[in-house]
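Working through the structure, step by step
In case you want the letters, here they are:
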Amino acid sequence: MSVLHVVSVSGGKDSDATLLLALMRYPKARVIPVFCDTGNEHDAVYQHLDYIELAIDIKITRLKANFDQQIARKRLFIARDQRTGRDARGRKLRWSNKAKRRALAALHPTGNPYLDLCLWKGRFPSRTAQFCTQELKRDLLVNYQMDLIDSGHRVVSWQGIRRDESLNRRNAKKFERLNPHLYAYRPLVDWTAIDVFAFLKEQRIMPNELYFQGMSRVGCMPCINAGKAEIAQIAARFPDHIARITEWEQKVSAASKRGYSTFFNKELHDSRKDRHIYAANCIDEVIRYARTSHGGRQYDLFASHIDTNVCASAYGLCE
Ligand code: SF4
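These remarks concern the structure in this document. Fair warning: this is a prediction, and the values are worked out from it, not measured in the lab. Throughout this document, residue positions are counted from 1 along each chain, in the order its sequence is written. Thresholds applied to this predicted model are a pLDDT of at least 70 for local features of residues and 80 or more for the giving and counting of side-chain atom pairs; totals over whole chains, interfaces and linings are not thresholded and use all residues. To get the side-chain values, all heavy atoms of the structure are used, and hydrogens and water are removed first.

**Thoughts on unusual backbone geometry**
- Residue proline 222 is bonded to the preceding methionine 221 through a cis peptide linkage, with omega at 0°.
- One can find proline 222 in the loop between helix H7 (193–202) and helix H8 (228–237).
- Positioned with a positive phi, aspartate 57 is a non-glycine residue whose angle comes to about 55°.
- Exposed residues in this analysis have more than 50% of their type's maximum accessible area, buried residues have under 20%, and partly exposed residues fall in between, with area computed by a 1.4 Å probe over protein chains only. Residue aspartate 57 is classed as exposed on the basis of its relative accessible area of 55%.
- Backbone geometry at arginine 204 places phi at a positive 60°, although glycine is not the residue there.
- The helix and strand labels rest on DSSP assignments: H or I over at least four residues marks a helix, E over at least two residues marks a strand, and numbering proceeds from the N terminus. Position of arginine 204 among the secondary structure elements: in the loop between H7 and H8.
- A residue is classified by how much of its surface remains accessible, and arginine 204, at 75% relative accessible area, is exposed.

**What about the pattern of salt bridges?**
- Any Lys or Arg side-chain nitrogen located within 4 Å of an Asp or Glu carboxyl oxygen qualifies as a salt bridge. The final tally for this structure, using the stated rule, is 14 salt bridges.
- In this structure, the salt-bridge partner of glutamate 53 is arginine 62, at a minimum N-O distance of 3.2 Å.
- Owing to a relative accessible area of 35%, arginine 62 belongs among the partly exposed residues under this scheme.
- In this structure, a network of salt bridges that share partners links the residues Lys13, Asp14, Arg162 and Asp164.

**Re the pairing of strand E6 (residues 182–185)**
- With burial as the criterion, each face of E6 is covered, one bearing Leu182 and Ala184 and the other bearing Tyr183 and Tyr185.
- Between any two strands, at least two bridges found by DSSP are needed for them to pair. Taken together, the 4 bridges between strand E4 (residues 154–158) and E6 define a ladder with parallel strand orientation. Bridge pairing links valine 155 to leucine 182 in E6.
- Summarising the sheet, strand E5 (residues 175–179) and E6 pair through 4 bridges and their orientation is antiparallel. Considered in E6, the bridge of arginine 177 is made with tyrosine 183.
- Taken together, E5 and the strand that follows it, E6, pair antiparallel across an intervening segment of 2 residues.

**Observations regarding the packing of aromatic side chains**
- For this analysis, a ring pair means two rings from Phe, Tyr or Trp (six-membered ring only for Trp) whose centres lie within 6.5 Å, classed as stacked if their planes differ by under 30 degrees, edge-to-face if by over 60, and tilted for the remaining angles. Inspection of the entire model under this criterion finds 12 aromatic pairs.
- Between tryptophan 191 and phenylalanine 199, the aromatic rings sit 5.4 Å apart at their centres with planes inclined by 85°, giving edge-to-face as the arrangement.
- Members of the aromatic cluster, connected to one another through ring pairs, are Tyr26, Trp158, Phe175, Tyr183 and Tyr185.
- We call a charge positioned over a ring when the NZ of a Lys or the CZ of an Arg lies within 6 Å of the ring centre and within 35 degrees of the ring normal. The aromatic ring of phenylalanine 131 is capped on one face by lysine 121, whose charged end is 5.2 Å from the ring centroid.
- For the cation-ring pair, arginine 244 lies above tryptophan 248, with the distance from its terminal atom to the ring centre recorded as 4.6 Å.

**Observations regarding the packing of helix H3 (residues 68–80) against helix H5 (residues 113–121)**
- Where H3 contacts H5, the two axes come as close as 9 Å, and the packing angle between them is 25°. On the basis of their axis angle, the class for H3 and H5 is roughly parallel. Here the hand of the crossing between H3 and H5 comes out left-handed. In this structure, H3 uses Asp68, Gln70, Ile71 and Lys74 to contact H5, whose residues at the interface are Asp116, Leu119, Trp120 and Lys121.
- Class assignment of the residues belonging to the contact of H3 with H5 gives a composition of 3 nonpolar, 1 polar and 4 charged. In this description, a line fitted to the C-alpha atoms serves as the axis of each element, helices being fitted only across the stretch in contact, and the angle between N-to-C directions of two axes falls anywhere from 0 to 180 degrees. Put simply, angles under 35 degrees are roughly parallel, angles over 145 are roughly antiparallel, angles from 65 to 115 are roughly perpendicular, and the rest are oblique. In this scheme, a crossing is called left-handed if the near helix is turned counterclockwise away from the far one by less than a right angle; it is called right-handed if the turn is clockwise. Contacts are assigned to residue pairs with any non-hydrogen atoms lying within 4.5 Å of each other. Under the grouping applied here, Gly and all other residues not named as nonpolar or charged are polar, the nonpolar ones being Ala, Val, Leu, Ile, Met, Phe, Trp, Tyr, Cys and Pro and the charged ones Asp, Glu, Lys and Arg.

**Quick notes on the nonpolar core**
- Core analysis: the biggest nonpolar cluster contains 82 residues, and Tyr114 and Leu210 have the highest contact counts within it.
- For this core, the element with the most residues is helix H6 (residues 131–150), which contributes 7 residues.
- If we skip the residues at most four places from it in the chain, tyrosine 114 touches Thr38, Gly39, Asn40, Phe124, Pro125, Cys132, Leu136, Cys220, Ile224, Trp248 and Phe263. The criterion is simple. A nonpolar core is a set of buried Ala, Val, Leu, Ile, Met, Phe, Trp, Tyr and Cys residues joined through side-chain atoms within 4.5 Å.

**Quick word on helix H9 (residues 239–255)**
- Helix span is expected to be 1.5 Å times the residue number reduced by one. For H9, with 17 residues, the first-to-last C-alpha span of 25 Å sits near the 24 Å given by 1.5 Å per residue.
- Listed in full, the buried residues belonging to H9 are His241, Ile242, Arg244, Ile245, Trp248, Glu249, Val252, Ser253, Ala254 and Ala255.

**Comments concerning the environment of tyrosine 185**
- Note that tyrosine 185 resides in strand E6.
- C-alpha separation for the pair tyrosine 185 and phenylalanine 175, spaced 10 residues apart in sequence, amounts to 4.7 Å.

Take a look at the structure:
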(Lines give C-alpha, C1' and ligand atoms only; values in the text may rest on other atoms or scores of the structure.)
Protein backbone atom coordinates (compact mmCIF):
# COMPACT_ATOMS: atom_id res chain seq x y z
CA MET A 1 0.00 0.00 0.00
CA SER A 2 1.67 3.25 -1.10
CA VAL A 3 1.05 6.70 0.37
CA LEU A 4 -0.13 9.38 -2.08
CA HIS A 5 0.01 13.11 -1.31
CA VAL A 6 -2.99 14.90 -2.78
CA VAL A 7 -2.48 18.66 -2.80
CA SER A 8 -5.56 20.78 -3.22
CA VAL A 9 -4.65 23.68 -5.55
CA SER A 10 -6.75 26.75 -6.27
CA GLY A 11 -4.43 29.03 -8.23
CA GLY A 12 -3.79 31.03 -5.04
CA LYS A 13 -0.55 31.68 -3.18
CA ASP A 14 -1.17 29.31 -0.25
CA SER A 15 -1.82 26.27 -2.40
CA ASP A 16 1.20 27.15 -4.60
CA ALA A 17 3.39 27.16 -1.49
CA THR A 18 1.81 23.94 -0.20
CA LEU A 19 2.48 22.18 -3.49
CA LEU A 20 6.12 23.32 -3.46
CA LEU A 21 6.54 22.03 0.11
CA ALA A 22 5.05 18.64 -0.83
CA LEU A 23 7.45 18.36 -3.77
CA MET A 24 10.42 19.23 -1.53
CA ARG A 25 9.57 16.29 0.72
CA TYR A 26 8.26 13.60 -1.62
CA PRO A 27 9.01 12.35 -5.14
CA LYS A 28 6.85 13.77 -7.91
CA ALA A 29 5.29 10.38 -8.61
CA ARG A 30 3.63 10.42 -5.18
CA VAL A 31 2.37 14.02 -5.30
CA ILE A 32 -0.99 14.69 -7.02
CA PRO A 33 -2.09 18.33 -7.32
CA VAL A 34 -5.86 18.57 -7.80
CA PHE A 35 -7.85 21.62 -8.89
CA CYS A 36 -11.65 21.72 -8.55
CA ASP A 37 -12.97 23.98 -11.29
CA THR A 38 -16.10 25.79 -10.07
CA GLY A 39 -16.85 27.39 -13.45
CA ASN A 40 -16.85 30.77 -11.68
CA GLU A 41 -13.12 31.36 -12.13
CA HIS A 42 -11.13 34.21 -13.62
CA ASP A 43 -9.06 33.34 -16.71
CA ALA A 44 -5.99 34.32 -14.68
CA VAL A 45 -6.58 31.21 -12.53
CA TYR A 46 -6.38 28.85 -15.52
CA GLN A 47 -3.35 30.74 -16.83
CA HIS A 48 -1.66 30.50 -13.46
CA LEU A 49 -2.31 26.74 -13.26
CA ASP A 50 -0.77 26.35 -16.74
CA TYR A 51 2.21 28.40 -15.55
CA ILE A 52 2.64 26.24 -12.42
CA GLU A 53 2.51 23.06 -14.51
CA LEU A 54 5.31 24.40 -16.71
CA ALA A 55 7.37 26.00 -13.93
CA ILE A 56 7.56 22.89 -11.78
CA ASP A 57 6.94 20.31 -14.48
CA ILE A 58 3.91 18.61 -12.98
CA LYS A 59 0.42 17.74 -14.25
CA ILE A 60 -2.50 19.22 -12.30
CA THR A 61 -5.60 16.99 -12.21
CA ARG A 62 -8.65 19.17 -12.97
CA LEU A 63 -12.05 18.10 -11.65
CA LYS A 64 -15.48 19.55 -12.47
CA ALA A 65 -18.80 18.77 -10.80
CA ASN A 66 -21.76 17.76 -12.94
CA PHE A 67 -25.40 18.32 -11.97
CA ASP A 68 -27.20 16.96 -15.07
CA GLN A 69 -28.96 14.21 -13.10
CA GLN A 70 -30.06 16.52 -10.29
CA ILE A 71 -31.48 18.97 -12.85
CA ALA A 72 -33.33 16.17 -14.66
CA ARG A 73 -34.87 15.02 -11.33
CA LYS A 74 -35.82 18.59 -10.40
CA ARG A 75 -37.56 19.05 -13.77
CA LEU A 76 -39.64 15.93 -13.14
CA PHE A 77 -40.45 17.10 -9.60
CA ILE A 78 -41.62 20.52 -10.78
CA ALA A 79 -43.66 19.11 -13.67
CA ARG A 80 -45.44 16.60 -11.39
CA ASP A 81 -45.82 18.80 -8.31
CA GLN A 82 -49.37 18.44 -7.02
CA ARG A 83 -48.71 19.14 -3.32
CA THR A 84 -51.34 20.66 -1.15
CA GLY A 85 -50.74 22.67 2.04
CA ARG A 86 -48.64 25.67 2.96
CA ASP A 87 -45.15 26.33 4.34
CA ALA A 88 -44.30 27.94 7.73
CA ARG A 89 -44.80 31.41 6.20
CA GLY A 90 -48.24 30.53 4.89
CA ARG A 91 -47.19 30.26 1.24
CA LYS A 92 -48.55 27.47 -0.97
CA LEU A 93 -46.12 24.55 -1.26
CA ARG A 94 -47.13 23.67 -4.79
CA TRP A 95 -45.47 25.40 -7.73
CA SER A 96 -48.03 27.55 -9.54
CA ASN A 97 -48.57 26.72 -13.22
CA LYS A 98 -46.97 30.04 -14.19
CA ALA A 99 -43.87 29.31 -12.07
CA LYS A 100 -43.72 25.78 -13.50
CA ARG A 101 -43.70 27.08 -17.08
CA ARG A 102 -41.08 29.71 -16.28
CA ALA A 103 -38.80 27.30 -14.39
CA LEU A 104 -39.08 24.43 -16.87
CA ALA A 105 -38.09 26.76 -19.70
CA ALA A 106 -34.97 27.87 -17.77
CA LEU A 107 -33.96 24.65 -16.03
CA HIS A 108 -31.52 22.98 -18.43
CA PRO A 109 -27.87 22.01 -17.81
CA THR A 110 -25.40 24.55 -19.20
CA GLY A 111 -22.18 22.63 -18.52
CA ASN A 112 -21.01 25.33 -16.10
CA PRO A 113 -20.85 23.70 -12.62
CA TYR A 114 -21.52 26.87 -10.62
CA LEU A 115 -24.49 27.95 -12.73
CA ASP A 116 -25.92 24.42 -12.95
CA LEU A 117 -25.68 24.03 -9.17
CA CYS A 118 -27.64 27.26 -8.68
CA LEU A 119 -30.20 26.33 -11.35
CA TRP A 120 -30.75 22.99 -9.61
CA LYS A 121 -31.06 24.59 -6.16
CA GLY A 122 -33.17 27.46 -7.51
CA ARG A 123 -30.98 29.96 -5.68
CA PHE A 124 -27.43 31.22 -5.19
CA PRO A 125 -25.46 30.14 -2.12
CA SER A 126 -25.07 32.52 0.81
CA ARG A 127 -22.93 32.86 3.90
CA THR A 128 -25.45 30.82 5.89
CA ALA A 129 -26.09 28.30 3.11
CA GLN A 130 -22.65 27.98 1.58
CA PHE A 131 -23.41 24.85 -0.42
CA CYS A 132 -21.05 25.97 -3.21
CA THR A 133 -17.92 24.94 -1.29
CA GLN A 134 -19.31 21.52 -0.52
CA GLU A 135 -20.83 20.72 -3.91
CA LEU A 136 -18.18 22.27 -6.16
CA LYS A 137 -15.02 21.54 -4.19
CA ARG A 138 -15.19 19.42 -1.04
CA ASP A 139 -17.31 16.51 -2.32
CA LEU A 140 -15.34 16.29 -5.57
CA LEU A 141 -12.04 16.16 -3.74
CA VAL A 142 -13.24 13.70 -1.09
CA ASN A 143 -14.65 11.37 -3.77
CA TYR A 144 -11.38 11.58 -5.69
CA GLN A 145 -9.42 10.68 -2.56
CA MET A 146 -11.83 7.86 -1.65
CA ASP A 147 -11.30 6.35 -5.14
CA LEU A 148 -7.54 6.37 -4.49
CA ILE A 149 -8.13 4.68 -1.13
CA ASP A 150 -10.46 2.11 -2.73
CA SER A 151 -7.70 1.26 -5.17
CA GLY A 152 -5.38 0.41 -2.29
CA HIS A 153 -3.56 3.65 -1.36
CA ARG A 154 -3.29 5.67 1.79
CA VAL A 155 -3.84 9.37 1.17
CA VAL A 156 -2.45 12.48 2.81
CA SER A 157 -4.55 15.50 1.90
CA TRP A 158 -2.33 18.63 1.83
CA GLN A 159 -4.27 21.81 2.51
CA GLY A 160 -2.93 25.37 2.28
CA ILE A 161 -4.77 26.71 5.31
CA ARG A 162 -3.42 29.43 7.61
CA ARG A 163 -4.72 30.08 11.13
CA ASP A 164 -4.56 33.86 10.72
CA GLU A 165 -6.86 33.76 7.66
CA SER A 166 -10.13 33.75 9.58
CA LEU A 167 -11.71 33.00 12.94
CA ASN A 168 -12.97 29.67 11.59
CA ARG A 169 -9.42 28.59 10.93
CA ARG A 170 -7.78 29.85 14.11
CA ASN A 171 -7.69 26.34 15.63
CA ALA A 172 -6.76 24.45 12.46
CA LYS A 173 -4.58 21.46 13.26
CA LYS A 174 -1.35 20.87 11.43
CA PHE A 175 -1.89 17.13 11.17
CA GLU A 176 -5.10 15.14 11.55
CA ARG A 177 -6.15 11.53 11.06
CA LEU A 178 -9.49 11.68 9.25
CA ASN A 179 -9.95 7.92 8.88
CA PRO A 180 -7.63 4.89 8.92
CA HIS A 181 -6.49 5.61 5.33
CA LEU A 182 -6.90 9.37 5.07
CA TYR A 183 -4.89 12.12 6.80
CA ALA A 184 -4.94 15.90 6.53
CA TYR A 185 -1.68 17.85 6.58
CA ARG A 186 -1.68 21.66 6.75
CA PRO A 187 1.95 22.80 6.58
CA LEU A 188 1.13 26.54 6.53
CA VAL A 189 -1.06 26.75 9.64
CA ASP A 190 1.33 29.07 11.47
CA TRP A 191 2.55 31.03 8.41
CA THR A 192 1.43 34.56 7.57
CA ALA A 193 0.51 35.80 4.09
CA ILE A 194 3.82 37.68 4.02
CA ASP A 195 5.71 34.43 4.83
CA VAL A 196 3.96 32.75 1.91
CA PHE A 197 4.85 35.50 -0.59
CA ALA A 198 8.46 35.52 0.67
CA PHE A 199 8.67 31.73 0.23
CA LEU A 200 7.29 31.93 -3.33
CA LYS A 201 9.83 34.65 -4.15
CA GLU A 202 12.66 32.52 -2.75
CA GLN A 203 11.43 29.60 -4.89
CA ARG A 204 11.17 31.91 -7.95
CA ILE A 205 7.46 31.26 -8.39
CA MET A 206 5.29 34.20 -9.48
CA PRO A 207 2.05 34.57 -7.48
CA ASN A 208 -1.21 34.72 -9.38
CA GLU A 209 -1.52 38.09 -11.17
CA LEU A 210 -4.90 38.69 -9.48
CA TYR A 211 -2.99 39.68 -6.30
CA PHE A 212 -1.65 42.67 -8.24
CA GLN A 213 -5.17 43.67 -9.27
CA GLY A 214 -6.73 44.44 -5.92
CA MET A 215 -7.75 40.87 -5.01
CA SER A 216 -6.88 39.72 -1.50
CA ARG A 217 -7.70 36.10 -2.31
CA VAL A 218 -7.95 33.89 -5.36
CA GLY A 219 -11.13 31.86 -5.70
CA CYS A 220 -14.44 32.42 -7.39
CA MET A 221 -14.74 35.60 -9.43
CA PRO A 222 -16.57 36.92 -7.59
CA CYS A 223 -16.99 34.98 -4.34
CA ILE A 224 -20.33 35.36 -2.56
CA ASN A 225 -18.32 36.51 0.49
CA ALA A 226 -16.38 39.25 -1.34
CA GLY A 227 -16.10 42.48 0.66
CA LYS A 228 -17.11 45.95 -0.44
CA ALA A 229 -13.63 47.06 -1.57
CA GLU A 230 -13.08 43.85 -3.52
CA ILE A 231 -16.44 44.16 -5.28
CA ALA A 232 -15.52 47.75 -6.30
CA GLN A 233 -12.20 46.47 -7.72
CA ILE A 234 -13.92 43.64 -9.60
CA ALA A 235 -16.51 46.02 -11.09
CA ALA A 236 -13.75 48.38 -12.28
CA ARG A 237 -11.26 45.78 -13.51
CA PHE A 238 -13.38 42.84 -14.67
CA PRO A 239 -16.73 44.17 -15.96
CA ASP A 240 -17.22 41.04 -18.10
CA HIS A 241 -17.50 38.98 -14.91
CA ILE A 242 -20.16 41.35 -13.61
CA ALA A 243 -22.03 41.01 -16.92
CA ARG A 244 -21.89 37.22 -16.52
CA ILE A 245 -23.31 37.43 -12.99
CA THR A 246 -26.14 39.67 -14.27
CA GLU A 247 -26.98 36.99 -16.82
CA TRP A 248 -26.77 34.25 -14.16
CA GLU A 249 -29.10 36.18 -11.85
CA GLN A 250 -31.71 36.27 -14.63
CA LYS A 251 -31.37 32.53 -15.34
CA VAL A 252 -31.40 31.40 -11.70
CA SER A 253 -34.31 33.73 -10.95
CA ALA A 254 -36.29 32.16 -13.79
CA ALA A 255 -35.55 28.66 -12.45
CA SER A 256 -36.52 29.51 -8.89
CA LYS A 257 -39.95 29.03 -7.37
CA ARG A 258 -40.11 32.61 -6.11
CA GLY A 259 -38.97 34.02 -9.45
CA TYR A 260 -35.93 35.85 -8.09
CA SER A 261 -32.53 35.10 -6.61
CA THR A 262 -29.44 37.29 -6.25
CA PHE A 263 -25.76 36.39 -6.31
CA PHE A 264 -24.97 38.49 -3.25
CA ASN A 265 -27.12 38.48 -0.14
CA LYS A 266 -25.90 41.59 1.57
CA GLU A 267 -29.26 42.67 2.98
CA LEU A 268 -28.19 46.17 2.25
CA HIS A 269 -30.48 49.03 3.05
CA ASP A 270 -33.84 47.38 2.58
CA SER A 271 -35.19 45.18 5.34
CA ARG A 272 -38.47 44.50 3.56
CA LYS A 273 -39.11 41.02 2.21
CA ASP A 274 -39.28 39.24 -1.13
CA ARG A 275 -38.90 41.35 -4.27
CA HIS A 276 -37.56 44.28 -2.28
CA ILE A 277 -34.63 42.11 -1.23
CA TYR A 278 -34.04 41.29 -4.90
CA ALA A 279 -34.10 44.96 -5.82
CA ALA A 280 -31.66 45.81 -3.01
CA ASN A 281 -29.30 42.87 -3.64
CA CYS A 282 -29.13 42.46 -7.42
CA ILE A 283 -25.63 42.83 -8.77
CA ASP A 284 -26.07 46.37 -10.13
CA GLU A 285 -27.30 47.59 -6.75
CA VAL A 286 -24.46 45.84 -4.89
CA ILE A 287 -21.93 47.55 -7.16
CA ARG A 288 -23.57 50.90 -6.57
CA TYR A 289 -23.30 50.19 -2.85
CA ALA A 290 -19.64 49.11 -3.17
CA ARG A 291 -18.84 52.52 -4.68
CA THR A 292 -20.19 54.35 -1.67
CA SER A 293 -18.70 55.09 1.73
CA HIS A 294 -20.28 55.68 5.17
CA GLY A 295 -22.62 52.66 5.09
CA GLY A 296 -23.82 53.37 1.58
CA ARG A 297 -24.83 57.00 2.12
CA GLN A 298 -21.99 58.79 0.37
CA TYR A 299 -20.43 58.39 -3.08
CA ASP A 300 -16.81 57.21 -2.72
CA LEU A 301 -14.67 59.03 -5.29
CA PHE A 302 -11.77 56.59 -4.93
CA ALA A 303 -13.87 53.45 -5.36
CA SER A 304 -15.63 54.85 -8.40
CA HIS A 305 -12.44 55.99 -10.14
CA ILE A 306 -10.14 52.99 -9.72
CA ASP A 307 -7.27 53.25 -12.21
CA THR A 308 -7.25 49.78 -13.72
CA ASN A 309 -3.78 50.28 -15.20
CA VAL A 310 -2.24 50.63 -11.79
CA CYS A 311 -1.21 47.67 -9.64
CA ALA A 312 -3.25 47.42 -6.46
CA SER A 313 -2.20 44.69 -4.10
CA ALA A 314 -3.92 44.13 -0.79
CA TYR A 315 -0.57 42.69 0.40
CA GLY A 316 1.66 45.54 -0.69
CA LEU A 317 3.22 43.51 -3.51
CA CYS A 318 3.28 46.38 -5.97
CA GLU A 319 6.39 48.40 -5.47
S1 SF4 B 1 -14.89 30.82 -3.34
FE2 SF4 B 1 -16.79 31.69 -2.48
S3 SF4 B 1 -18.34 31.40 -4.08
FE4 SF4 B 1 -16.62 30.06 -4.58
S5 SF4 B 1 -17.10 28.09 -3.70
FE6 SF4 B 1 -15.92 29.19 -2.16
S7 SF4 B 1 -17.41 30.29 -0.90
FE8 SF4 B 1 -18.46 29.61 -2.75
